[in-house]
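Architecture and fold: a report
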Amino acid sequence: MSNRIVLRAGEALVAGGPPGTAAEPEVVIGELDGPVGTALATLTGDQVAGHTRVFALLNTDIMVRPVTLCVSKVTVDNPRYTNILMGTVQFAIANGVLDAVREGLIPKEKANDLGIICSVWLAPSIVEVENLDHKALFDIHRKGMTQAIRKAMSNEPTIDWLLENQERITHKYYQMGLDGKV
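My aim in this report is to walk through the structure given alongside it, one point at a time. Just so it is clear, the structure is predicted and the values come from calculations on it, not from any experiment.

1. Structural notes on the overall build of the chain
Tallying secondary structure elements over the chain gives 5 helices and 7 strands in all. Starting at the N terminus and ending at the C terminus, the chain contains elements arranged as β-β-α-β-β-β-β-α-β-α-α-α. Relative to the 2.2 N^0.38 estimate, which gives 16 Å for 182 residues, the radius of gyration of the chain is 17 Å and therefore close to what a compact globule would have. With the C-alpha coordinates of the chain rotated into their principal frame, the extents come out at 50 × 45 × 30 Å. For the chain, the proportion of its 182 residues judged to be buried stands at 41%. If you sum the accessible surface of the chain, you get close to 10,300 Å²; carbon and sulfur atoms cover 54% of it.

Now the structure itself:
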């Protein structure tokens, strides 16, 4: 059996903090010489206005490993939003990746051979939050990234769990639509 990680996918939702701070990262993880590496290189070179792709950094010149590309789910058109996304949230994602390596979720010996693409959610309303708690924002996004990686690397939820629970789960916004709240 091969030890290759061709492509794993995962997501997480971490909420409960101050308004606008929820994290909902979606990740794909895989070998750089496979489809994830090709996608990572393509996304890096094919920048799109309002959806700039950036590497997860600990600081302005310290990129984490595995190389992690952050892609905003929201069109970025506000300087404050950009600074929060490319500052606190980018730093949180970088730390979440390193936490996942430290926990053994990502094999340390594969850190130079894997790539991660992370679709990043940061609520557009964050720009209107006065006295934003950057520490809370950081903690929530760091935890979200580590959880998304955990789920990707352990193939969670399993297909058995999904089939067993399919009829018991109703999407939050679908229910809000049924209730006339959307």
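Back to the write-up after that little detour.
2. Quick word on the packing of aromatic side chains
Taken as a whole, this structure holds 1 aromatic pair when the rule is applied. Summarising the aromatic geometry, the rings of F91 and F138 are spaced 5.1 Å apart at their centres and angled 35 degrees between planes, so their arrangement reads as tilted. Placement of F91 in helix α2 (residues 79-102) and of F138 in helix α3 (residues 134-153) is noted, with a sequence separation of 47 residues between them. Using a relative accessible area of 33% as the deciding quantity, one classes F91 as partly exposed. Exposure remark for F138: the relative accessible area of 9% places this residue in the buried category.

3. Notes on the pattern of salt bridges
In this structure the tally under the stated criterion is 8 salt bridges. Across the pair D99 and R142 runs a salt bridge, and its minimum N-O distance is 2.6 Å. Taken together, the residues D99 in helix α2 and R142 in helix α3 connect sequence positions 43 residues apart. Residue E103 pairs with R150 through a salt bridge whose shortest N-O separation is 2.6 Å. Linking E103 in the loop between α2 and β7 (114-120) with R150 in helix α3, this pair joins segments that are 47 residues apart in sequence. Of the residues examined, E103 reaches a relative accessible area of 47% and is grouped as partly exposed. By relative accessible area, R150 is classed as partly exposed at 30%. Within the structure, one salt-bridge network assembled from shared partners comprises D99, R102 and R142.

4. Structural notes on the side chain of T21
With respect to the helices and strands, T21 occurs in the loop between β1 (8-11) and β2 (26-31). Look at T21 and you get buried, because its relative accessible area is 0%. Among the polar contacts listed, one links the side chain of T21 to the backbone oxygen of P18, at a separation of 2.6 Å. In this view, T21 contacts I126, L132, L137, I140 and H141; residues no more than four positions away in its chain are not counted.

5. Topic: the pairing of strand β6 (residues 67-72)
The buried fraction of β6 amounts to 6 of the 6 residues, a majority that puts the element mostly inside the structure. On β6, burial covers both faces: V67, L69 and V71 on one face and T68, C70 and S72 on the other are all buried. By the bridge criterion, 3 bridges tie strand β3 (residues 53-55) to β6 in an arrangement that is antiparallel. Of the residues in β6, the one forming a bridge with R53 is V71. One ladder, built from 6 bridges, connects β6 with β7; its direction is parallel. Across the sheet, residue S72 finds its bridge partner in β7, namely V120. Read as a crossover between parallel neighbours, the route from β6 over α2 to β7 is left-handed.

About the criteria used
- Think of each chain on its own: its residues are numbered from 1, step by step along the sequence as written.
- Residue-level local features of this predicted model are given only where pLDDT is at least 70; pairs of side-chain atoms are given and counted only at 80 or more, and the full residue set underlies all totals for whole chains, interfaces and linings.
- With hydrogens and water excluded, all non-hydrogen atoms of the structure serve as input to the side-chain values.
- Here a helix means four or more residues in a row that DSSP labels H or I, a strand means two or more in a row labelled E, and each is numbered from the N terminus.
- Radius of gyration here uses only the C-alpha atoms, and the compact-globule reference equals 2.2 Å multiplied by the residue count raised to the power 0.38.
- The cut-offs for exposure are 20% and 50% of the maximum accessible area for each residue type, with area from a 1.4 Å probe on protein chains only; residues under the lower value are buried, those over the upper are exposed, and the others partly exposed.
- Using the Shrake-Rupley algorithm and a 1.4 Å probe, accessible areas are obtained, with residue cover drawn only from the displayed protein chains.
- Pairs were defined over the aromatic rings of Phe, Tyr and Trp, the Trp ring being its six-membered one, requiring ring centres within 6.5 Å. Orientation was assigned from the angle between planes: stacked under 30 degrees, edge-to-face over 60, tilted for the rest.
- Here, a salt bridge means any Lys or Arg side-chain nitrogen found within 4 Å of an Asp or Glu carboxyl oxygen.
- Any pair of nitrogen or oxygen atoms within 3.5 Å is treated as a polar contact; in protein, a donor-acceptor pairing is required on top of that, and neighbouring residues in sequence qualify only through side-chain atoms on both sides.
- The contact criterion used is simple: two residues touch if any of their non-hydrogen atoms lie within 4.5 Å.
- By this definition, two strands are paired if DSSP reports at least two bridges between them.
- The handedness of a crossover follows from its direction of travel: if, with the strands pointing away from the viewer, the path from the first strand over the helix to the second runs clockwise, the crossover is right-handed.

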